[in-house]
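# Chains, contacts and geometry: an overview
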Amino acid sequence: MDLSKIAVSINKAINTQEVAVKEKHARTCILGTHHEKGAHTFWAAVNRLPLSSNAVLCWKFCHVFHKLLRDGHPNVIKDSMRNKADLADMSRMWGHLSEGYGKLCSIYLKLLITKMEFHIKNPRFPGNLQMSNRQLDEAGENDVNNFFQLTVEMFDYLECELNLFLGVFNSLDMSRSVSVTAAGQCRLAPLIQVILDCSHLYDYTVKLLFKLHSCLPADTLQGHRDRFQEQFKKLKSLFYRSSNLQYFKRLIQIPQLPENPPNFLRASALSEHISPVVVIPAESSSPESEHVVETEDLVDTDVPSLPAPSEVKFDDLFGTSAAIDPFNFSSQNGMRKDDKDRLIEQLTREIQALKEELESFRLESGRLCQALRGRVNELEAELAEQSHLRLQAAGESEFLKAELDDLRRAREDTEKEQRSLTEIERKAQANEQRYTKLKEKYTELVQSHADLLRKNAEVTRQMTVARAAQDEVEAVRREMQEKVKSAQEAADRQEREQVKQLQELQRELVSTQTELDSLKTSMASSQQSSEVLGTQLVALESEKAELVQTLSKVEAELAVQGEELQRVQSSLATERESGVKTAEALQNQLNEKESREQALESQLVAARWSSLQGAVEEAERIIQDSLAQIDDPAHISCTSSADYLASRCQASLDSMERLQSAREAFLADNTAVLELVRVVTQCGHLVGDTIVQGSATSHMVPVEQADALSESVKTCGSEALSLLGQLKQQDSLAAADGSKLRAALEAILATAEKLRPRGLELQQGELGDLVEQEMAATSAAVESAAARIEEMLNKSRAVDTGIKMEVNERILASCTELMQTIKELILSSKDLQRDIVESGRGAASMKEFYAKNSRWTEGLISASKAVGWGATVMVDAADMVVQGKGKFEELMVCSHEIAASTAQLVAASKVKADKDSANLHRLQQASRGVTQATAAVVASTKSGKSQIEDTETMDFSSMTLTQIKRQEMDAQVLVLELETRLQKERERLGELRKKHYELAGVAEGWGEEEEGTG
């Protein structure tokens, strides 16, 4: 489709002429949105129009835009939301005008904005609001909060529609025929879209209010009902006023709302609701094709002027009277008076005959209409009944679905609790493993610390050895220095002595030279002595050179030892510095490991405490859930026994003892947190179960005891929460006192012990013997019943004939078969009880086993008695039926009673049996045989009853009308008497059941408890 053609159609549809929008231009705009899958072209053309300056132009824009929102492409709503702010500003601007098109434009723009917001917020609703009931349910997503909000939004939506409706009607002068003028049609044309929207909104609002009333209290929805009542009155009035306008009659068929609004407080009223359907005739002409009369003094006529039926028929038969009138005597001059009289009489007779025929036709059509109306009423009643049944079935289906969802949620909650418990245990195990790893790490740190200490001691020892070696070197150096010093002193001394000797020798040489001068003569004699002195001098010089060499060697050795000493000192200093640094590094590592160990220890303590807090919080949630559960109205149907409550109380008291021990162990050693976590979780579960079972048990006891037990249960819950709150705080853990909780549990246990049935208080031997006696008595009763049935069968064959004998034989044969199946059931029950006793008694005797399981034994005895009694009563009833003195209904009731008693015996025997036991399978097979035999007895009894009753045929052929009327009155009297008697018997049955309940309560010990409490 060409976009220019769409733009031309938009400009032709939205113009300043005060006439209705032509349908073909609006249809082209709608097709254009589907062609381009949006409203871009529409808004591009509209944005160029002066909507804010011309009210008629804005009014026709609103009309076209409304059509696009309803029938255009779904993307029109999304594309138009960009212009929402401009539309709101335009609505406020036109709202300043108090009359004319300005005020109407403001109201219409508010309606369009509300419509866009509604569809954006609820995208499941199409623009034309056409949805099925299933789609309406899906729009609420099966959530009552969504349905509540959706109803409020529909109220706001419908309120805007009604405001536009009222605004248009208030702006028209209804005293004149404005619906056939161009200006009136321009204002009325948009109301067709409003009527279509209102019919759907009204229908959906009614259905949603019925749905809300089925889920919420009536007081909560009082505001909804008041608002609906107000809108219902306005919409009904507007629909009525619109249906009387000539303009709408050829364009749309407006539905009429019921006289009174629906009664939402009665759920069955939904079946009476009829969805309003707006019909737009296919052959209706568009507004632009109608001939518009421009006068203002015309009056709307609802019924067009048509000739009377009798006149039409007269003209068809005799022609019109315009040319020839038989009663115009002036035009019939040639006709005599007698001929005129005969003609008048003939015509009068024909008219009378036609009137009679018309009257008969009218009566016949009236009867046919009455019959058709009756048939329509019957069909409507049948349709209403079917709708009611369908709604009932839907309600039951919803209820079952809700129950199924509740069960699923309960199962999911149980699984979540199980998973949370498993997660807690896994966390506890992980904490324990983490603690083990930390302990191993701590051991490694201690070992490394010890190794470092040993290394530190070794370094210290090495430093001590190095210091000792240094001291020794110092001593050697000092000794060497002393030796060098002494050697130097000795050398100096020897040198001084040699100098002295040299000086003496020089003096002696001088003296010798002097003496040589004086003793030249004696040189020869003294030459030997001078040679000796020369050799001595050479020896002294050589000795001096040796001393100088020795001194140089000693100095070299001293220099070498000094260098060695310096090297040793530097190495000792280096070793000392490295040792100090190593010691400091080792000390730092030791300090870091100690701080890390302390941090890990603090983390471990925090993890232990967090795991304990998690367990305590989980226990608190369990107990809070139990307290909330006993306040739930759905919990009223739950029941429990005093025995089970006592066992739960005892288990809770045992867990309290373990909790106290685990708490003391944790206070003594905070590493023992695992046992405390496990005991806290277990205690929470047991106390919560005790609370639930205590509340369930209170539903089975008298009112005073029930109130006391409920109060004890609630006290137990509050004390448990108080104790858990103390355990959750680290400063109050040591002072946590569970004595109040223990006292509350002991009070519940005492109440449960008082409520336990007093039953059969027999000795061990008596209880075991009584089981055998009752089973033997039941077998004997069944054998006796079978023998009596056989005797009655033989007697019936000898006395009765025909149908009666056939009926008696069939009934007695089915009774005999029932006795045989009961006998097999009792034998199978004995075998199964023998297996149960053998597998469960251990080293105890059979009588001790029966005494130990007294409750089960009493149930077994009661079931056996019921079977024997039922067999005896059924034989007596069969005997009376065979003799013709009894009732077939008694025999059927006895059969049902035997089936119930055998089911009780099977349940009592099955409760302690192994599921894989062969005797259990035989017992179940025998139970099914008893059920089938019971059904056969009931079937044969019903068949015999109907067969005998068929022989008593009712023959009224010889009776007169008076006798039949008399018999009819007698039958009505008998029916009323039987209905009264039936009502009395039902009341009597109710009283009997109440009395049976009271007697059963006395047998279970309730009467004694009431006397004790009184």
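Residues numbered from 1 in each chain as written. Predicted model: local features only at pLDDT ≥ 70, side-chain atom pairs only at ≥ 80, totals over all residues. Heavy atoms only, no water.

Attention shifts here to the environment of R788. For R788, the position within the fold is in helix α21 (residues 764–799). R788 sits 28 residues away from T816 along the chain, and the two C-alpha atoms are 9.6 Å apart. The residues touching R788, leaving out its near neighbours within four places in the chain, are V875, D876 and D879. (Helix = DSSP H or I, 4+ residues; strand = E, 2+ residues; numbered from the N terminus. Contact = heavy atoms within 4.5 Å.)

Following the sequence through the fold, H96 ends up in the loop between α6 (84–94) and α7 (100–121). We classify H96 as exposed; its relative accessible area is 70%. Here the alpha-carbon distance between H96 and S106, two residues 10 residues apart in the chain, equals 8.7 Å. Among the polar contacts made by the side chain of H96, one reaches the main-chain carbonyl oxygen of R92 at a distance of 3.4 Å. (Buried < 20%, exposed > 50% of the residue type's maximum accessible area, 1.4 Å probe, protein only. Polar contact = N/O pair within 3.5 Å; in protein donor to acceptor, adjacent residues only side chain to side chain.)

Let's shift gears to the packing of helix α2 (residues 23–36) against helix α4 (residues 55–71). As a packed pair, α2 and α4 sit with axes 10 Å apart at the nearest point and diverge in direction by 45°. Between α2 and α4, the angle falls in the class oblique. The hand of the α2/α4 crossing is right-handed. Contact residues: E23, A26, C29, I30, T33 and H34 in α2; K67, L68 and D71 in α4. A class-by-class count of the residues in the contact of α2 with α4 yields four nonpolar, two polar and three charged. (Axes fitted to C-alpha atoms, helices over the stretch in contact; angles between N-to-C directions. Parallel < 35°, antiparallel > 145°, perpendicular 65-115°, else oblique. Left-handed = near helix turned anticlockwise from the far one by under 90°. Nonpolar A, V, L, I, M, F, W, Y, C, P; charged D, E, K, R; others polar.)

This part takes up the side chain of T181. Along the chain, T181 falls in the loop between α9 (144–171) and α10 (182–188). T181 gets classed as buried once you look at its relative accessible area, which sits at 14%. Here G184 takes part through its backbone nitrogen, which lies 3.2 Å from a polar atom of the side chain of T181.

This structure, assessed with the given rule, holds 27 salt bridges. Residue E23 is joined to K67 by a salt bridge in which the shortest nitrogen-to-oxygen separation is 3.6 Å. Here K67 lies in helix α4 and E23 lies in helix α2, a separation of 44 residues in the sequence. Judged by relative accessible area, which is 27%, E23 ranks as partly exposed. (Salt bridge = Lys/Arg side-chain N within 4 Å of Asp/Glu carboxyl O.)

Between its first and last C-alpha atoms helix α25 (residues 888–910) spans 33 Å; for 23 residues at 1.5 Å apiece the expected length is 33 Å, and the two agree. Those residues of α25 not exposed but buried are F888, L891, M892, C894, S895, I898, S901, T902, L905, V906, A908 and S909. (Expected span 1.5 Å × (residues − 1).)

Inspection of every chain in the model, using the stated rule, returns 18 aromatic pairs. Taken together, Y202, F210, F228, F232 and F264 form an aromatic cluster joined through their ring pairs. (Phe/Tyr/Trp six-rings, centres within 6.5 Å; stacked < 30°, edge-to-face > 60°.)

We now examine the nonpolar core. Counting 94 residues, the largest nonpolar core has I14, F42, W59, F61, F65, F125 and F248 as its most contacted members. In terms of residue count, helix α11 (residues 191–213) provides more of this core than any other element does, 14 residues in total. Contact partners of W59, with chain neighbours within four places excluded, come to Y101, L104, C105, Y108, L164, V168, C186, R187 and P190. The next biggest cluster of nonpolar side chains, apart from the first, holds 44 residues, and it includes L612, A619, I630 and L745. (Core = buried A, V, L, I, M, F, W, Y, C linked by side-chain atoms within 4.5 Å.)

This brings us to the confidence of the model for the protein chain. For the protein chain, mean pLDDT is 77; residues scoring 70 or higher make up 80% of the total. In this model residues 759–765 is a low-confidence stretch, pLDDT under 50, and it forms 11 contacts with partners more than four residues away in sequence or in other chains. Counting interchain partners and residues more than four positions distant, the pLDDT-below-50 stretch residues 1003–1014 has 23 contacts. (pLDDT = per-residue confidence, 0-100.)

Between α4 and α6, whose axes approach to 13 Å, the crossing angle comes to 135°. One finds that α4 runs oblique with respect to α6. Of the two possible hands of crossing, α4 and α6 adopt the one that is left-handed. From α4, A55, C58, F61 and F65 reach across to α6, where they touch L87, M90 and W94. The residue inventory of the contact of α4 with α6, partitioned by class, reads seven nonpolar, no polar and no charged.

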